[in-house]
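Summary of structural features
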Number of protein chains: 2
Amino acid sequence: MTTYRCDHLFGASGWVSPGELVVEDGRSAVERVRGYALPGMPNLHSHAFQRAIAGLTEYAGPGGDDFWSWRDAMYRFALRVEPDELESLACQLYVEMLEAGYTAVCEFHYLHHAPDGSPYDNPVEMSERLVAAARRAGIRLTLLPALYASGGFDGAPLGAAQRRFRSDAAWVMRAVERLRRAHPEVRVGVAPHSLRAAPPAELAACVTALEGLDSAAPIHIHVAEQTREVDACLTARGARPVEWLLASAPVDERWCLVHATHVTSRELADVARAGAVIGFCPTTEANLGDGLGPAGRSGAAGVRFGVGSDSQISVSVREELRWLEYTARLERRARNVLAPAGAASTGAYLYSTALAGGLQALAQPGGRDLVVLDPEHPVLAERPLERVLDAHLFSNHGSAVRDVMVDGEWVVKDGRHREREAIRACHRRALARLAE
Amino acid sequence: MTTYRCDHLFGASGWVSPGELVVEDGRSAVERVRGYALPGMPNLHSHAFQRAIAGLTEYAGPGGDDFWSWRDAMYRFALRVEPDELESLACQLYVEMLEAGYTAVCEFHYLHHAPDGSPYDNPVEMSERLVAAARRAGIRLTLLPALYASGGFDGAPLGAAQRRFRSDAAWVMRAVERLRRAHPEVRVGVAPHSLRAAPPAELAACVTALEGLDSAAPIHIHVAEQTREVDACLTARGARPVEWLLASAPVDERWCLVHATHVTSRELADVARAGAVIGFCPTTEANLGDGLGPAGRSGAAGVRFGVGSDSQISVSVREELRWLEYTARLERRARNVLAPAGAASTGAYLYSTALAGGLQALAQPGGRDLVVLDPEHPVLAERPLERVLDAHLFSNHGSAVRDVMVDGEWVVKDGRHREREAIRACHRRALARLAE
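Here's a quick rundown of the structure. If you're wondering where the values come from, they're calculated on a predicted model, not measured in any experiment. (Residues numbered from 1 in each chain as written. Chains lettered and ligands numbered in written order. Predicted model: local features only at pLDDT ≥ 70, side-chain atom pairs only at ≥ 80, totals over all residues. Heavy atoms only, no water.)

Observations regarding the overall build of chain A
Helix and strand counts for chain A stand at 14 helices and 17 strands. Over its C-alpha trace chain A gives a radius of gyration of 21 Å, about what one expects of a compact globule, namely 22 Å for 436 residues. With the C-alpha coordinates aligned to their principal axes, the bounding extent of chain A is approximately 60 × 50 × 45 Å. Residues classed as buried in chain A amount to 64% of the 436 residues present. With the model as given, the accessible surface of chain A reaches about 14400 Å², and the carbon-plus-sulfur share is 50%. Between the mean site of the 47 positive side-chain charges and the mean site of the 55 negative ones, chain A shows a separation of 1 Å. (Helix = DSSP H or I, 4+ residues; strand = E, 2+ residues; numbered from the N terminus. Rg over C-alpha atoms; globule rule 2.2 N^0.38 Å. Buried < 20%, exposed > 50% of the residue type's maximum accessible area, 1.4 Å probe, protein only. Areas by Shrake-Rupley, 256 points an atom, 1.4 Å probe, with all protein chains shown as cover. Lys, Arg positive; Asp, Glu negative; His and termini not counted. Charge placed at Lys NZ, Arg CZ, Asp CG, Glu CD.)

Things to note about the packing of aromatic side chains
Here the structure, examined in full by the defined rule, presents 31 aromatic pairs over all chains. Aromatic side chains F10 of chain B and Y351 of chain B sit 6.4 Å apart centroid to centroid with 85° between the ring planes, which places their arrangement in the edge-to-face category. Of this pair, F10 of chain B sits in strand β1 (residues 2–11) while Y351 of chain B is found in helix α12 (residues 346–362), placing the two residues 341 residues apart along the sequence. Looking at F10 of chain B, the relative accessible area reads 6%, which means it is buried. For the pair Y326 of chain B and F394 of chain B, a centre-to-centre distance of 5.7 Å together with 50° between the ring planes defines the contact as tilted. Taken as a pair, Y326 of chain B in helix α11 (residues 317–332) and F394 of chain B in helix α13 (residues 388–394) lie far apart in primary sequence, 68 residues in all. With respect to class, Y326 of chain B is no different from F394 of chain B; both count as buried. In textbook terms, an aromatic cluster arises when at least three aromatic residues are bridged by ring pairs, as seen for F49, Y75, F77, Y110, Y148 and F165 of chain A. A cation over an aromatic ring shows up here: R237 of chain A above the ring of W244 of chain A, its NZ or CZ 4.4 Å from the ring centre. (Phe/Tyr/Trp six-rings, centres within 6.5 Å; stacked < 30°, edge-to-face > 60°. Lys NZ or Arg CZ within 6 Å of the ring centre and 35° of its normal.)

Things to note about the interface of chain B and chain A
In this assembly, 71 residues from chain B lie in contact with 71 residues from chain A. Both faces combined, the contact of chain B with chain A buries some 5800 Å², and carbon together with sulfur accounts for 52% of it. The tally of links from chain B across to chain A stands at twelve salt bridges. Of the charged contacts in the structure, one is a salt bridge between E319 of chain A and R322 of chain B, with a shortest N-O distance of 3.0 Å. Put simply, the parts of the chain that give the side of chain B that touches chain A at least two residues each are α1 (67–78), α2 (83–100), α9 (282–287), α11, α12, α13 and α14 (420–435) of chain B. Sort the elements by how many residues they give to the side of chain B that touches chain A and α11 of chain B lands first, with seven residues. Here the side of chain B that touches chain A is composed, by residue class, of 29 nonpolar, 23 polar and 19 charged. (Contact = heavy atoms within 4.5 Å. Buried area = accessible area lost by both parts, 1.4 Å probe. Salt bridge = Lys/Arg side-chain N within 4 Å of Asp/Glu carboxyl O. Nonpolar A, V, L, I, M, F, W, Y, C, P; charged D, E, K, R; others polar.)

Comments concerning helix α5 (residues 200–213) of chain B
All names here are of chain B. The end-to-end C-alpha separation of α5 is 20 Å, in line with the 20 Å expected for 14 residues at 1.5 Å each. Residues L203, C206, V207 and L210 constitute the buried set of α5. Viewed along the axis of α5, the buried residues span an arc of 95°, placing them on a single side of the element. Opposite the buried face of α5, at more than 90 degrees from it, the exposed residues are A201, T208 and G212. In this structure, the buried side of α5 is in contact with β7 (140–147), α4 (169–182), β9 (191–192), β10 (219–223), α7 (241–248) and β11 (255–259). (Expected span 1.5 Å × (residues − 1). Arc of directions from axis to C-beta.)

Regarding the relation of the copies chain B and chain A
It takes a turn of 180° to lay chain B on chain A, together with a shift of 0.0 Å along the axis; the resulting RMSD is 0.0 Å. Read as a symmetry element, the transformation amounts to a two-fold axis. For chain B, the smallest separation between a C-alpha atom and the rotation axis is recorded for T327 of chain B, amounting to 3.9 Å. With an isologous cut-off of 70% or more, the 100% of interface residues of chain B that recur at the interface of chain A puts this contact in the isologous class. (Least-squares fit on C-alpha atoms with pLDDT ≥ 70 in both.)

A look at the nonpolar core
Counting residues in each nonpolar core, the largest one holds 293 residues, and the members touching the most others are Y94 and W255 of chain A together with Y94 and W255 of chain B. Once residues within four sequence positions are removed from consideration, Y94 of chain A is found in contact with A48, V105, E107, L130, A133, A134, A137 and I139 of chain A. (Core = buried A, V, L, I, M, F, W, Y, C linked by side-chain atoms within 4.5 Å.)

A few points about the sheet that holds strand β11 (residues 255–259) of chain A
Residues and elements named next belong to chain A. The strand order across the open sheet formed by four strands is β10-β11-β12-β13, and the pairing between neighbours is parallel. The sheet is open, and its two borders are formed by β10 (219–223) and β13 (304–307), each paired with just one other strand. Here the average twist between neighbouring strands, direction ignored, is 30°. Here β11 runs beside strand β12 (residues 277–280); their pairing, made up of three bridges, is parallel. Its bridge partner lying in β12, V258 is registered against G279. Together, β10, β11, β12 and β13 form the strand contacts of helix α12 (residues 346–362), whose direction differs from that of β13 by roughly 90°. (Pairing = 2+ DSSP bridges. Axes fitted to C-alpha atoms, helices over the stretch in contact; angles between N-to-C directions.)

Observations regarding unusual backbone geometry
Here the bond from S17 of chain A into P18 of chain A is cis, since omega is -5°, no more than 30 degrees from zero. Relative to the helices and strands, P18 of chain A resides in the loop between β2 (14–16) and β3 (19–23). Even without a glycine there, the phi angle at D407 of chain B is positive, about 55°. Residue position: D407 of chain B is located in the loop between β15 (401–406) and β16 (409–413).

A few points about the side chain of S314 of chain A
Structurally, the position occupied by S314 of chain A is in the loop between β13 and α11 (317–332). Look at S314 of chain A and you get buried, because its relative accessible area is 2%. A distance of 3.3 Å separates polar atoms of two side chains, one belonging to S314 of chain A and the other to N396 of chain B. Other than its neighbours up to four places away in sequence, S314 of chain A contacts T283, S309, E319 and E320 of chain A together with N396 and H397 of chain B. (Polar contact = N/O pair within 3.5 Å; in protein donor to acceptor, adjacent residues only side chain to side chain.)

Description of the environment of A54 of chain B
By the secondary structure assignment, A54 of chain B is in the loop between β5 (41–46) and α1. Accessibility expressed as a relative area gives 3% for A54 of chain B, which makes it buried. The sequence separation of A54 of chain B and I313 of chain B amounts to 259 residues, and the corresponding C-alpha distance is 5.0 Å. Aside from chain neighbours lying at most four places away, what touches A54 of chain B is R383, S395 and H397 of chain A together with Q312 and I313 of chain B.

This is how it looks when you write it as structure tokens:
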């Protein structure tokens, strides 16, 4: 085991100075960690391949622009990505995540098949590439093969642009079994893509089969991201998406409801009671114009939450958490609205809540990763300990993330990933091929 | 003169490759600039001393928290800052601005007197410190001594916590004349603090006197930031703040209306007609919970705007512009809402609009500063030229700002200010003294 003796360590009961973290790694060592050490943040929602289009869709066509026109552009791009490119894109993305202080990522993975829609020789080829990228970058991975069976609430068949995503419960469960066998270090669960894409019978079959295999495996679903989706669900099923899901599926601590932007306060309270996590993706939800979400009501509802980088338009723990709070402030016309009244630090509240929610959503134990902040950085220098997380998250004068350790390995030192240059070069070659 | 021969230069008509910038600097040289060169962005609203409390007010007291409780905390801090500390804080701040791609800053300066409220031996001592900080950092400065005469719409006297700000039109004009004489390189104007703090007769006297001195000098005012201010103005004057201002003062191209968060569409159209600039401060307005502003309506109204870092909670051209657009997207539930329909790039629209608005607000000519983006950075590599500004502003995977030139001097190279370390050390000592 290695004992990391940290000058300051943030934990469930706040800062401990000094604080110790013990990692069972077959060694026998003591290491001093200078600065402010945080548990690594899990990123609970990622579509790795979308990193490649960050910054390419920031204009409106003649018909205007919204989530659905963005989705068309994203589909067109998704049809071009081959396994080698996916691996290179994901590896660069995971380096960026680590440098930003994410030490674990949950891939909500639906790009299953070859560009023409036929299966790869290895049916989980694309999943394997995500695993390889995570291993090289040194990030912890939860991998959720997506169930993507229909094109609408009416059970319509998938469109041509969705041919790479096609899967049913049986296909997903074969993928889960294969990935679990091949990669015991990866946490595997399932992702019914959405109520549009997961017909009730397929959803039930998938959830039941997963439970038989691993009763604690994670289940994530996109839900209530768009008002059009809410309207379609009301029409087709007589209930709002979250309302329908809670009534029709065994939603509990294994579940992560991604977005849940358009929810009533009653739905929010019911999610809290079920013990599920809401996966907020503030920068993506803003970029896609999803609408103002329920974060400002989350405290009163007692709902668990974490954050995800989703479309990868931004890879920043700090921006996600800060703007989760900020959008609620703008809507409420007040300050410090997410934390309970009298909380000593909004930053500490946001960090510890998103940490717990993220670990639950990834079904990963914590306590083996560290993100160390530079106490000399102008964001943190001369700040009292109880303000360090506020300054880290809110004071945007550069990032104070200095070193990052995952499972006993320092993968980031002095703000740079150990393979930054080589992985950047791979990524660039992949982008050049994709642009051909 | 020096001719900067840029691989790519962004100008009024978009990108030119290669593009040339000629700076009259008494030299005779040609310099090649590799990468993507942008005109430097002006920061149209800054209270430098507030840099010191970034991250220190992110918690709610037992009575909750809003703009007004934040203001109390800020006042308490303002009473502690001495001239030496102001200079050190401002210098660090200006380094951060330059590294973020701001090449000019407008100081809305009201911290005039000694902590006990008495004048300094040199009445513009604190202004002199801002000038010194700007000179050392190498940032272009517009300096606006503030008129701060009353504590409310009823003409109430200032509170004890506001004693350092006290000024009337005569004091402000003496400060303007003195600063103009001493520092011809600094653009000097005035800042009636707000309608609360600038009684009508003082406001009129100040504006008239300034006009006599310099008919193009800038005039900035905080207006309609808070609903409480709108209500008080309606009660006291029978009109909304922006409505009253437009009817009662000679608002034109010299004016910058800072915030203008709570405006009707009619007020917005009238501001556009007057040719004034609105000074949006998205990160501060979010941090302070001011409310959702009119950015989404700015295009239809044809209003000019720029951005400012205001409270310094964030010093990032990219975050200000991105979230100006994002908050409008969240409110509208659509994408790419600020740029006119069919605009080729939201990033280019935001950048060029905020550049023009910023230069107008600072009453500074453009064309002597450059911000150069690294074409190898993962945010930009393999991106087509027409997407470079979209990627720069929206794709948040680190900053691609590599080099910054102000008036023929390269003050930032490879992302680092030439005096970064020495200025950081001064800043840190100032913070330590302030914490005593």
